[in-house]
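# Topology and contacts: notes
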Amino acid sequence: MRIVFFGAPGSGKGTQAAILKSTFGIPHISTGDLLRGHVARCTELGRKAKAVMEAGQLVSDDLVLGMLEDRLAEADAKPGFILDGYPRNLVQADALGALLARIGQPLDIVIKLNVPHDAILERCAKRFAEQGRKDDDPEVVRGRLAVYSEQTAPVAAYYSRTGQLVEIDGVGELASVTARILAAVESAA
Ligand code: AMP
């Protein structure tokens, strides 16, 4: 199963992807987590990405694609994967299509979690208080939502045209959202 989780920051992509990972036994690949790992290890990529991430902007397409390509080449991703946080703009959507065609692993489904921006601001404020992620600062979240609306939201229309997009109501109990997602994935399988 090859799944993309799509949605605004704080829409629950990471949480739901982590649940599905054990259901399907495939890795959860979050470009945000991979980038945070590089920042924590002070790699060259991490040094380049740190300030951009803290400002809530997008890291350059080339850097993220190279990192993703390396991750998808690992053995555990051969049976499938759950992508979270990629693609984030139309250039990345095209790049992903080309990469997956090259490795013979086309996407099965793109799940878009719909959560109103008010609820997202609340969720990120809570995460900021609990985890202290600099980009969850309410001011930065507003900027990230603007980046999402301008650059990332058009990717939904792209996958709607390819027939791979399924929209899910991301509001409500965690287990109810998971059940909606599982039903969508089962009908795409
Ligand atoms: P996330 O954990 O997915 O919200 O990502 C945290 C931050 O990492 C984002 O605000 C971006 O700065 C960066 N990032 C994650 N994924 C991407 C991507 N696909 N393209 C560019 N930047 C990304």
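Just so you know, these numbers come straight off a predicted model, no measurement behind them.

Here is what the cut-offs are and how they apply
Residues numbered from 1 in each chain as written. Predicted model: local features only at pLDDT ≥ 70, side-chain atom pairs only at ≥ 80, totals over all residues. Heavy atoms only, no water. Pairing = 2+ DSSP bridges. Helix = DSSP H or I, 4+ residues; strand = E, 2+ residues; numbered from the N terminus. Axes fitted to C-alpha atoms, helices over the stretch in contact; angles between N-to-C directions. Near = heavy atom within 4 Å. Polar contact = N/O pair within 3.5 Å; in protein donor to acceptor, adjacent residues only side chain to side chain. Areas by Shrake-Rupley, 256 points an atom, 1.4 Å probe, with all protein chains shown as cover. Nonpolar A, V, L, I, M, F, W, Y, C, P; charged D, E, K, R; others polar. Buried < 20%, exposed > 50% of the residue type's maximum accessible area, 1.4 Å probe, protein only. Contact = heavy atoms within 4.5 Å. Phe/Tyr/Trp six-rings, centres within 6.5 Å; stacked < 30°, edge-to-face > 60°.

### What to know about the sheet that holds strand β3 (residues 81-84)
- Strands sit in the order β2-β3-β1-β4-β5 across an open sheet of 5 strands; the sheet is parallel. Edge strands, defined here as strands with exactly one partner in the open sheet, are β2 (28-30) and β5 (165-169). Strand-to-strand twist across the sheet, computed as the mean angle between neighbouring axes with direction ignored, equals 25°.
- Here strand β1 (residues 2-6) pairs with strand β4 (residues 109-114) via 4 bridges, running parallel. For Ile-3, the partnering residue across the bridge sits in β4 and is Ile-109.

### Comments concerning the site of the ligand
- Neighbouring the ligand are 16 residues, the closest being Thr-31, Arg-36, Gln-57, Gly-85 and Gln-92.
- One of the backbone N or O atoms of Gly-85 is found 2.9 Å from a nitrogen atom in the ligand.
- In the environment of the ligand, an oxygen atom lies 3.5 Å from a nitrogen or oxygen atom belonging to the side chain of Arg-133.
- Burial of the ligand by the surrounding chains reaches 96%, relative to a free accessible area of 480 Å².
- Among the elements that line the shell around the ligand, the one with the most residues is helix α2 (residues 31-41), at 4 residues.
- Partitioned by chemical class, the residues of the shell around the ligand number 6 nonpolar, 5 polar and 5 charged.

### Some points on the side chain of Asp-135
- Mapped onto the secondary structure, Asp-135 falls in the loop between α6 (117-131) and α7 (138-152).
- On the basis of relative accessibility, which here comes to 11%, the residue Asp-135 falls in the buried class.
- Here Arg-133 takes part through its side chain, which lies 3.0 Å from a polar atom of the side chain of Asp-135.
- Those residues in contact with Asp-135 that lie beyond four places of it in its chain are Met-53, Glu-54, Val-140, Val-141 and Arg-144.

### Here we look at the packing of aromatic side chains
- Going through the model one piece at a time under the given rule, you end up with 2 aromatic pairs.
- Between Phe-6 and Tyr-148, the ring centres sit 6.2 Å apart and the planes meet at 45°, which makes this aromatic pair tilted. One end of the pair, Phe-6, is in strand β1; the other, Tyr-148, is in helix α7, and 142 residues separate them in sequence.
- Its relative accessible area of 9% is what places Tyr-148 among the buried residues.
- Where Tyr-158 meets Tyr-159, the ring centres are 5.0 Å apart and the plane angle is 85°; that geometry is what we call edge-to-face.

Remember that the coordinates give geometry; whether it matters functionally is a separate question.
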